[in-house]
Amino acid sequence: MQDLKKARFQMTWAARVMAIAGLAVIAVGSAPARADEIDAAARERARLVAITVCGTCHGRTGNSTQPKFPRLAGQSANYLAAQLKAFRAQTRGDPDAISYMWGMASELDDSTIAALADYYSAQKAEPSSNALSLQGGTGKQIYEQGIAAEGVPACSSCHGSDAHGVGDFPRLAGQHSQYVLKQLASFQSNMRNVAVMHGVALNLRSPEMSAIAAYLEAQP
Ligand code: HEC
Ligand code: HEC
């Protein structure tokens, strides 16, 4: 509850910063921009929002140090833009998404979303300092081979052998294990409703999820 109150406070504060800086919704119905089409003004606006608003939770460069707040640095720009639009459309709906990100994203227009996504994808992903040093174990094995007997596919087939993401499949390397664990549970229960990851997570047991999450956080 304390957490929630703090977040609400931060959100009100963030909305104020955006309004003061004149960063609230400017254009309506603008077409989605590609990285090479983001103009200098949008880039600068996104950098300011990222540092002064988003940075309070996600870190200035998106290398959040708090396990509740996902790391965004080095993440696929298309993936980030899609998530921000899903928060804005209120379709990514687990309780943390609702209380922390729906309000945040409601303020953002398409060009700011494109520029924010580009900002984070261009940041260097730092290795997590919370990671346990893990050499291998069950997590690595599931990541690389899946669990055939339970119909769990190899994560590497979509997220890449180094977990850096492939195309629009998101980066997972260095992500906070607490966050990864929560997302897997949300995919399983369909609170975060994405068919492909629901299928992947459906038969994962909780110790297996924990092992994968710990393995992923330890990846550079
Ligand atoms: C008050 C804290 C807070 C602030 C400020 C905040 N976020 Fe978030 N953000 C969160 C939390 C918590 C989540 C995880 C939600 C969940 O668990 O589903 C999240 C998730 C995200 C995700 C999804 C990441 C992923 O890997 O799927 C993106 C993208 C994101 N935030 C971008 C932003 C941007 C851009 C801003 C600034 C406009 C911002 N956030 C401001 C707390 C915050
Ligand atoms: C068939 C392709 C595919 C496979 C296999 C797959 N994933 Fe995913 N995964 C995706 C897609 C697509 C998304 C993005 C979902 C969205 O758009 O919200 C995703 C998202 C995720 C996320 C959320 C990332 C974030 O930042 O919020 C996690 C965690 C994840 N996958 C873990 C895994 C694990 C662990 C495995 C293996 C057990 C796995 N995935 C296997 C396609 C796949």
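As a convention, each chain's residues are numbered from 1 in the sequence order in which they are written. Chain letters and ligand numbers both follow the written order, the letters beginning at A and the numbers at 1. Reporting of local features is limited, given that this is a predicted model, to residues whose pLDDT is at least 70; pairs of side-chain atoms are given and counted only at 80 or more, and all residues count toward the totals for whole chains, interfaces and linings. Side-chain descriptors were evaluated using all non-hydrogen atoms of the structure, hydrogens and water having been removed beforehand.

Engineer: Explanation requested: the site of ligand 2 in the structure shown.
Structural biologist: Definition of nearness: a residue and a molecule or strand are near each other if at least one heavy atom of the residue lies within 4 Å of the molecule or strand. If you check the shell around ligand 2, you find 23 residues, and the closest are Cys155, Cys158, His159, Tyr179 and Met197. The term polar contact refers here to a pair of N or O atoms within 3.5 Å; inside protein, the definition further demands a hydrogen-donor-capable atom paired with an acceptor-capable atom, and it admits residues adjacent in sequence only when both atoms are side-chain atoms. Between Tyr79 and ligand 2, the recorded distance is 3.0 Å, taken from a side-chain N or O atom to an oxygen atom. Separating an oxygen atom of ligand 2 from a side-chain N or O atom of Arg192 is a distance of 2.8 Å. Elements represented by at least two residues in the shell around ligand 2 include exactly α3 (77–88), α7 (156–159), α8 (177–189) and α9 (195–201). Numbering of helices and strands runs from the N terminus, with a helix taken as a DSSP run of H or I at least four residues long and a strand as a DSSP run of E at least two residues long. Per-element accounting of the shell around ligand 2 gives the leading share, 5 residues, to α8. By the convention adopted, Pro, Cys, Tyr, Trp, Phe, Met, Ile, Leu, Val and Ala count as nonpolar, Lys, Arg, Asp and Glu as charged, and the other residues, Gly among them, as polar. Per-class residue counts for the shell around ligand 2 are 18 nonpolar, 4 polar and 1 charged.

Engineer: What is the right way to read the site of ligand 1 from this model?
Structural biologist: In the vicinity of ligand 1 there are 27 residues, among which Cys54, Cys57, His58, Met101 and Lys182 approach most closely. Tyr79 is positioned such that a nitrogen or oxygen atom in its side chain is 2.6 Å from an oxygen atom of ligand 1. Of all the elements in the fold, those that place two or more residues in the shell around ligand 1 are α2 (40–58), α3, α4 (95–106) and α8. No other element matches α2, which puts 6 residues into the shell around ligand 1. For the shell around ligand 1, the residue count by class is 17 nonpolar, 5 polar and 5 charged. Residues lining the shell around ligand 1 come from more than one domain, with at least three contributed by each of domain 1 (2–121) and domain 2 (137–217). Here the bounds of each domain stem from an automatic or database domain assignment.

Engineer: Got a minute to help me understand the coordination of the iron atom of ligand 1 in this structure?
Structural biologist: Working reference: metal with six octahedral donors, ideal angles 90 or 180 degrees; metal with four tetrahedral donors, ideal angle 109.5 degrees. Within the protein, the atoms that donate to the iron atom of ligand 1 are His58 (NE2) and Met101 (SD), at distances of 2.0 to 2.2 Å. Around the iron atom of ligand 1 sit 6 donor atoms, and with donor-metal-donor angles ranging over 85 to 179 degrees the site reads as octahedral. Remark: Met101 occurs in helix α4 and His58 occurs in helix α2; sequence separation between them is 43 residues. Exposure classes here rest on a 1.4 Å probe applied to the protein chains alone. A residue is buried below 20% of its type maximum, exposed above 50%, and partly exposed in between. Met101 gets classed as buried once you look at its relative accessible area, which sits at 16%. Only nitrogen, oxygen and sulfur atoms count as donors, using a 2.8 Å cut-off from the metal that widens to 3.2 Å for Na, K and Ca. Water is left out, so coordination shells may look unfilled. Any site counts as irregular unless it has four donors with all angles between 85 and 135 degrees, making it tetrahedral, or four or six donors with opposite ones more than 155 degrees apart and the rest between 65 and 115, making it square planar or octahedral.

Engineer: Explain the coordination of the iron atom of ligand 2 here, please?
Structural biologist: Of the protein atoms, only His159 (NE2) and Met197 (SD) coordinate the iron atom of ligand 2, at distances of 2.1 to 2.3 Å. The site at the iron atom of ligand 2 holds 6 donor atoms, and with the angles between them running 85 to 179 degrees, its shape is octahedral. On the criterion of sequence distance, the pair formed by His159 in helix α7 and Met197 in helix α9 is long-range, its members being 38 residues apart. As far as the burial class goes, His159 and Met197 line up, both buried.

Engineer: Any chance you could explain the packing of aromatic side chains here in plain terms?
Structural biologist: We call Phe, Tyr and Trp rings a pair once their centres come within 6.5 Å, taking the six-membered ring for Trp, and we label the pair stacked below 30 degrees between planes, edge-to-face above 60, and tilted otherwise. By the definition in use, this model includes 3 aromatic pairs. Here the aromatic rings of Tyr143 and Tyr215 are separated by 5.8 Å at their centres, their planes lie at 45 degrees, and the arrangement is tilted. In this pair, Tyr143 is assigned in helix α6 (residues 137–145) and Tyr215 in helix α10 (residues 206–217), connecting sequence segments 72 residues apart. Accessibility classification places Tyr143 together with Tyr215 in one group, the buried group.

From the geometry alone we can't say anything about function, so treat these as descriptive.
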